[in-house]
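The residues making up each chain are set out below.
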Amino acid sequence: MVNTLRYVLLIPVCIIAVFLCWHILLWTFWSIVCLTINKKKEYTTPSAFYNWVFVLWYRYMMVTGRLKLHVSGCEKVPSDKRFLLVSNHCSKFDNFIHCAVLKKNQIAYISKPENFNIPIGGRFMKRGLYLSLQRGNTREELKTIMKAIEYIKEDKVSIGIFPEGSRSKDGQLQEFKPGAFKIAEKALCPVIVCSLKGTINIHKNWPWKKTEIYMDILDVIDPSIWKEKNTVEVSEYAHNLILNNITLS
């Protein structure tokens, strides 16, 4: 009877030990790999290996964040060309979800400078050709936009951007900045219009509750649109598509 009880007690101990070892091994792996990335070097070519490692980290964060994904429309995303991905923005997890779902399409995001100081993640952002956008500095903003256009034209990476400019704190869709669409206009690439629902609940639900997340690819705007419409009109179209989607019950 005593031996049986010992075995019964040993099972949860072993499960906990395996669980902890799994986490320690993963974080050790990411820590070692990120040290091979030079923070001072200007990387200009993508890396399939580092992208895979980064996406693995994104997927890990989603699992530990207890996200349950519901995805639609991914079949619309072109696999043979680079694109500009635009989406609403309510959580730090938003681009994690994009990259994990669209893992076959390497996406580099335009992000605020302080995000590049995030431990581990900041180094992978740099190696993944993420671009820093210095708000309020017109010259630096233009340089970032031109670099994004170059990356798409040279078939290096697709570009992800949140046209609201900052995260929505209440889940309501903010106005879009039409200048974000200049990237697609000048690069003559498709615009992927993506809607996210539920991400604003992640932080208040974790770790006790799962969060239902809905990612919908609403439209793929063909580059021929620029023959008929300007960035303001395309921005309004994308904004309305996302607004109608996230307000659906």
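From a predicted model like this one, the values you see are computed outputs, not experimental measurements.

(A) Up close: helix 8 (residues 231-246). Taking 1.5 Å per residue as the helical rise, helix 8 with its 16 residues ought to reach 22 Å, and the 22 Å between its terminal C-alpha atoms agrees with that figure. Within helix 8 the residues assigned to the buried category are Thr231, Val234, Ser235, Ala238, His239, Ile242, Asn245 and Ile246. When helix 8 is viewed along its axis, its buried side chains cluster within an angular range of 135 degrees and face the same direction. The secondary structure elements touched by the buried residues of helix 8 are strand 2 (84-87), helix 6 (182-187), strand 6 (191-197) and strand 7 (211-221).

(B) Structural detail: the side chain of Asp216. Tracing the backbone shows Asp216 in strand 7. Nearest to the buried, unbridged Asp216 among oppositely charged side chains is Lys197, at 4.5 Å. A distance of 2.5 Å separates polar atoms of two side chains, one belonging to Asp216 and the other to Ser72. The contact partners of Asp216, leaving out residues within four places of it in the chain, are Ser72, Val193, Cys194, Ser195, Lys197 and Asn245.

(C) The pattern of salt bridges, seen in detail. Scanning the entire structure with this criterion turns up 5 salt bridges. Between Arg82 and Asp155 there is a salt bridge; the shortest N-O distance is 3.1 Å. Of this pair, Arg82 sits in the loop between strand 1 (67-72) and strand 2 while Asp155 sits in the loop between helix 5 (138-153) and strand 5 (158-161), and the two are 73 residues apart along the sequence. For Arg82, a relative accessible area of 21% puts it in the partly exposed group.

(D) Molecular detail of unusual backbone geometry. The backbone of Arg66 sits at a positive phi, close to 60 degrees, despite the residue not being glycine. Along the chain, the position of Arg66 falls in the loop between helix 2 (48-64) and strand 1. Unusually for a residue other than glycine, Asp155 sits at a positive phi of about 60 degrees.

(E) View of the packing of helix 2 against helix 3 (residues 94-101). Across the interface, helix 2 lies against helix 3 with an axial gap of 9 Å and an inter-helix angle of 120 degrees. When the interaxial angle is binned, helix 2 and helix 3 end up oblique. Crossing handedness for the pair helix 2 and helix 3: left-handed. Contacts between helix 2 and helix 3 pair Val55, Trp57, Tyr58, Arg59, Met61 and Met62 from the former with Asn95, Phe96, Ile97, Cys99 and Ala100 from the latter.

(F) Spotlight on helix 3. Among the 8 residues that make up helix 3, 7 are buried, leaving the element largely enclosed by the rest of the structure. Buried positions along helix 3 lie against helix 2, strand 1, strand 2, strand 3 (107-111), strand 6 and strand 7.

(G) Summary view of the packing of aromatic side chains. What the rule picks out here adds up to 18 aromatic pairs. Seen from their ring centres, Phe29 and Trp52 are 6.5 Å apart, and the 70 degrees between their planes marks the pair as edge-to-face. Taken as a pair, Phe29 in helix 1 (residues 2-34) and Trp52 in helix 2 lie far apart in primary sequence, 23 residues in all. Take Trp52: its relative accessible area is 48%, and that puts it in the partly exposed class. Linked through ring pairs, Phe54, Trp57, Tyr58, Phe93, Phe96, Tyr109, Phe124, Tyr130 and Phe162 together constitute an aromatic cluster.

Thresholds applied
Residues numbered from 1 in each chain as written. Predicted model: local features only at pLDDT ≥ 70, side-chain atom pairs only at ≥ 80, totals over all residues. Heavy atoms only, no water. Helix = DSSP H or I, 4+ residues; strand = E, 2+ residues; numbered from the N terminus. Expected span 1.5 Å × (residues − 1). Buried < 20%, exposed > 50% of the residue type's maximum accessible area, 1.4 Å probe, protein only. Arc of directions from axis to C-beta. Contact = heavy atoms within 4.5 Å. Lys, Arg positive; Asp, Glu negative; His and termini not counted. Salt bridge = Lys/Arg side-chain N within 4 Å of Asp/Glu carboxyl O. Polar contact = N/O pair within 3.5 Å; in protein donor to acceptor, adjacent residues only side chain to side chain. Axes fitted to C-alpha atoms, helices over the stretch in contact; angles between N-to-C directions. Parallel < 35°, antiparallel > 145°, perpendicular 65-115°, else oblique. Left-handed = near helix turned anticlockwise from the far one by under 90°. Phe/Tyr/Trp six-rings, centres within 6.5 Å; stacked < 30°, edge-to-face > 60°.

This is a description of form; function is not addressed.
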